[in-house]
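# Residue-level structural notes
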Amino acid sequence: MDYKKAGVDIEAGYRSVELMKEHIKKTMRPEVLGGIGGFSGAFSMNGFKNMEEPVLLSGTDGVGTKLKLAFLLNKHDTVGIDCVAMCVNDVACAGGEPLFFLDYIACGKNEPEKIASIVSGVAEGCKQAGAALIGGETAEMPGFYPVDEYDLAGFAVGVVDKKKLITGESIKAGDTLIGIASSGVHSNGFSLVRNVFKMTEEALNTYYDSLGRTLGEALIVPTKIYVNALKSVREAGVTIKGCSHITGGGFYENIPRMLPEGIRAIVSKNSYEVPPIFKMLSTDGDVAEHMMYNTFNMGIGMVLAVDPADADSTMAALKAAGEECFIIGQTEAGEKGVTLC
């Protein structure tokens, strides 16, 4: 008996690392010290040592059951973007610049080409966020995961000068709420998605005119990364008072997270066009409207609160950054929470 016969192929692990390296190299920043494959990733603090009071920010998350879709479609090169996005968007919400990222892949069987494909997506997400992929772990766990399945998670570390932290504390009644469009369902609510739609190859490969693509193509679209969009707003001289990443819990859970006590968000559902995939989910699954807004992003991946005087500048900066954005409401005095009308 040896380790390979027990289900763990060490040689496959070595090959996976070699295949990953070409993708990881594309994410390097000047602050990264040492090469790939060490026991830990080293990152110099020189890049932010001149901040008055540097604050480290962190975010961790996984892709969740959206991975089931990747298994069915045999498409593994974009879920890594989802993994990075879920982490760096949270860091960006606090005003932070993502610095580096580490991933964790657990699988039933290490197939080097598949692992490299997953990591290529992680690297692409890191490139979009400007973060370095400085480490990770691939764990082969036979008997724990099916041989053709895996889990993917990670965490990001970022930095911001304390005086530029986005805390929501300065939000007051009358501030403007701006929504930035999502790229689709992102990486939340897939347990419900998988109960609404048939998760078969035939169903996922069915083309819908309303979507302009197959159902599988619409669902697998990776989560949008908003790091550069928020940076563009800050560079336009706008103070972002509050920022909410619309993830699990939808509008009802996430928008209040940025609000101080005594402030309520009022969101107009007619301020933008809800994308077709959400209309399909609601109709085909007979999902109540409240549940839709309490589960999905409904086409808005990030909500910003800004002073009304900065609304036009914010919209212009977002559009210049290539984002689709909408004024979706305002804040008012009242019980902390959100009203959709």
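Please refer to the structure higher up on the page.
Since the structure is predicted, the reported quantities are computational estimates derived from the model, not experimental observations. (Residues numbered from 1 in each chain as written. Predicted model: local features only at pLDDT ≥ 70, side-chain atom pairs only at ≥ 80, totals over all residues. Heavy atoms only, no water.)

Turning our attention to the environment of Ala-305. You can see Ala-305 is positioned in strand β12 (residues 300–306). Taking the C-alpha atoms as reference points, Ala-305 and Glu-18, separated by 287 residues in sequence, lie 45 Å from one another. Among all residues touching Ala-305, those that are not within four sequence positions of it are Ile-171, Thr-176, Leu-177, Ile-240, Lys-241, Gly-242 and Met-258. (Helix = DSSP H or I, 4+ residues; strand = E, 2+ residues; numbered from the N terminus. Contact = heavy atoms within 4.5 Å.)

One open sheet accounts for six strands, arranged β10-β12-β7-β13-β11-β14; its pairing is mixed. In this open sheet, the two edge strands, each paired with only one partner strand, are β10 (242–245) and β14 (337–340). Here the average twist between neighbouring strands, direction ignored, is 25°. (Pairing = 2+ DSSP bridges. Axes fitted to C-alpha atoms, helices over the stretch in contact; angles between N-to-C directions.)

Another point: the packing of aromatic side chains. A complete count under the given rule lists six aromatic pairs for this structure. Centre to centre, the rings of Phe-43 and Phe-100 are 5.2 Å apart; their planes meet at 45°, and the pair counts as tilted. Taken together, the residues Phe-43 in strand β2 (residues 42–43) and Phe-100 in strand β4 (residues 97–107) connect sequence positions 57 residues apart. Of the two residues examined, Phe-43 and Phe-100, each falls in the buried class. (Phe/Tyr/Trp six-rings, centres within 6.5 Å; stacked < 30°, edge-to-face > 60°. Buried < 20%, exposed > 50% of the residue type's maximum accessible area, 1.4 Å probe, protein only.)

Taking 1.5 Å of rise per residue, the 18 residues of helix α4 (residues 112–129) would be expected to cover 26 Å, and the 25 Å separating its terminal C-alpha atoms lies within 8% of that figure. At the C-terminal side of α4, Gly-130 shows a positive phi close to 75°. (Expected span 1.5 Å × (residues − 1).)

The subject of this paragraph is the side chain of His-186. Checked against the element boundaries, His-186 lands in the loop between β7 (176–181) and α5 (190–196). Among the polar contacts made by the side chain of His-186, one reaches the main-chain amide nitrogen of Ser-183 at a distance of 3.0 Å. Ignoring any residue separated from it by four or fewer positions in sequence, one finds His-186 in contact with Lys-66, Asp-82, Pro-222, Thr-223, Lys-224, Tyr-226, Asn-297 and Gly-301. (Polar contact = N/O pair within 3.5 Å; in protein donor to acceptor, adjacent residues only side chain to side chain.)

Let us look at the pattern of salt bridges. Under the counting rule described, the total for this entry stands at 18 salt bridges. The salt bridge partner of Lys-162 is Glu-53, with a shortest N-O separation of 3.8 Å. With Lys-162 in the loop between β6 (150–161) and β7 and Glu-53 in the loop between β2 and β3 (54–62), this pair connects stretches of sequence that are 109 residues apart. When its relative accessible area of 45% is taken as the criterion, Lys-162 is described as partly exposed. Among the ionic pairs, Glu-124 bridges to Lys-127, the shortest N-O distance being 3.9 Å. Pair noted here: Glu-124 and Lys-127 are both in helix α4, with a separation of three residues, about one helical turn. Since its relative accessible area comes to 31%, Glu-124 is described here as partly exposed. A relative accessible area of 42% means that Lys-127 is categorised as partly exposed. Each of Lys-172, Asp-175, Lys-241 and Asp-307 takes part in one network of salt bridges that share partners. (Salt bridge = Lys/Arg side-chain N within 4 Å of Asp/Glu carboxyl O.)

Our next topic: the sheet that holds β6. An order of β3-β6-β4-β5 is seen for the four strands of this open sheet, with the pairing classed as mixed. Strands with a single pairing partner mark the edges of an open sheet, and in this sheet they are β3 and β5 (132–140). Between one strand axis and the next, the sheet turns through 15° on average, direction left out of account. Relative to β5, β4 runs parallel, the two being bridged by eight bridges. Bridge pairing links Leu-102 to Gly-135 in β5. Sitting on the sheet, α4 is in contact with β4, β5 and β6, with an inclination near 165° to β4.

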